[in-house]
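Architecture and fold: a report
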Amino acid sequence: MAALPHSYISKSQTQSEGTVKVSVTGLSEQDIAAPINFGGPGDIWSPEDLQSAAISSCFCLSFRAIARAANLSWNSINSEVELVLAKAGKNVEFTEIHNTVHLVVDDINDREKAEKCLHKAESSCFISASMTAESFLKINVSQRS
């Protein structure tokens, strides 16, 4: 890992109507729109979708590094994040993160070790850790067949 601090730069541009064009140097441009709950089309990524995806992908990448350090033999992980946007006092903010994780390990006898790695990944994911939302982790560990 490169020494901290890190810097991440994105650019957004839009007209009075239509999608927002978001770009990051070296990556393809993305169209972004309001979510369907705010009158958006529902078929284009929204900032809320990106935030949820940032949490689930950060969780998976954190788990991968932690499992490697713990010598945990695993096959696949699936993280499904529900990010709840609600009224909190006078503000609208993300209040809850529900992460349902399905982990397939090579040996079910490693379940306890796997669960420890999953909990550590939850606390290590700096995307969700930097939010004030309450975090809930539901774990399902199975053995590869």
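Residues numbered from 1 in each chain as written. Predicted model: local features only at pLDDT ≥ 70, side-chain atom pairs only at ≥ 80, totals over all residues. Heavy atoms only, no water.

Some remarks on the overall build of the protein chain
- The helix and strand inventory of the protein chain stands at three helices and six strands.
- Taken from the N to the C terminus, the helices and strands of the protein chain come in the order β-β-β-α-β-β-α-α-β.
- Dimensions of the protein chain along its principal axes, counting C-alpha atoms only, are 55 × 35 × 30 Å.
- Taken across its 145 residues, the protein chain has 25% of its residues classed as buried.
- Taking all contacts inside the protein chain whose residues are at least 6 apart in sequence as the whole, residues at least 24 apart take part in 53%.
- Accessible surface, the protein chain: about 9,800 Å² in total, of which carbon and sulfur atoms supply 51%.
- Charged side chains of the protein chain number 12 positive and 17 negative; the gap between the two group centres comes to 7 Å. (Helix = DSSP H or I, 4+ residues; strand = E, 2+ residues; numbered from the N terminus. Buried < 20%, exposed > 50% of the residue type's maximum accessible area, 1.4 Å probe, protein only. Contact = heavy atoms within 4.5 Å. Areas by Shrake-Rupley, 256 points an atom, 1.4 Å probe, with all protein chains shown as cover. Lys, Arg positive; Asp, Glu negative; His and termini not counted. Charge placed at Lys NZ, Arg CZ, Asp CG, Glu CD.)

Looking at the nonpolar core
- Membership of the largest hydrophobic core comes to 14 residues, with the highest contact counts inside it found for Phe59, Phe63, Leu72, Ile77, Leu103 and Leu118.
- Listed by contribution, the elements that provide at least two residues to this core are helix 1 (47-69), strand 5 (91-105) and helix 2 (111-124).
- Once residues lying within four places of it in the same chain are set aside, the contact partners of Phe59 are Ile77, Ser79, Asn99, Val101, Leu118, Ala121, Glu122, Cys125 and Leu137.
- If you look at the next biggest cluster of nonpolar residues, it comprises seven residues, including Leu83, Phe94, Ile97 and Ala133. (Core = buried A, V, L, I, M, F, W, Y, C linked by side-chain atoms within 4.5 Å.)

With respect to the pattern of salt bridges
- Scanning all chains against the criterion turns up three salt bridges.
- A salt bridge links Lys21 to Asp31; its shortest N-O distance comes to 2.6 Å. Linking Lys21 in strand 2 (residues 20-23) with Asp31 in strand 3 (residues 30-32), this pair joins segments that are 10 residues apart in sequence.
- Assessed through its relative accessible area of 29%, Lys21 is described here as partly exposed.
- A relative accessible area of 32% places Asp31 in the partly exposed class.
- With a closest N to O distance of 2.9 Å, Arg144 and Asp106 form a salt bridge. Remark: Asp106 occurs in the loop between strand 5 and helix 2 and Arg144 occurs in the segment after strand 6 (134-143); sequence separation between them is 38 residues.
- Accessibility expressed as a relative area gives 42% for Arg144, which makes it partly exposed. (Salt bridge = Lys/Arg side-chain N within 4 Å of Asp/Glu carboxyl O.)

Brief notes about the side chain of Asn99
- Mapped onto the secondary structure, Asn99 falls in strand 5.
- Since its relative accessible area comes to 5%, Asn99 is described here as buried.
- Ignoring any residue separated from it by four or fewer positions in sequence, one finds Asn99 in contact with Phe59, Ser79, Glu80, Val81, Phe136, Leu137 and Lys138.

A word on the sheet that holds strand 5
- What the three strands build is an open sheet, ordered 4-5-6; its pairing is mixed. For this open sheet the edge positions go to strand 4 (74-88) and strand 6, each flanked by a neighbour on one side alone. Geometrically, the sheet is characterised by an average inter-axis angle of 15 degrees between neighbouring strands, direction not taken into account.
- Summarising the sheet, strand 5 and strand 6 pair through 10 bridges and their orientation is parallel. Across the sheet, the residue bridging to Ile97 is Ser135, located in strand 6.
- Docked against the sheet, helix 1 engages strand 4, strand 5 and strand 6, running at close to 145 degrees with respect to strand 4.
- Sheet strands touched by helix 2: strand 4, strand 5 and strand 6. Its angle to strand 6, the strand with the most contacts, is close to 150 degrees. (Pairing = 2+ DSSP bridges. Axes fitted to C-alpha atoms, helices over the stretch in contact; angles between N-to-C directions.)

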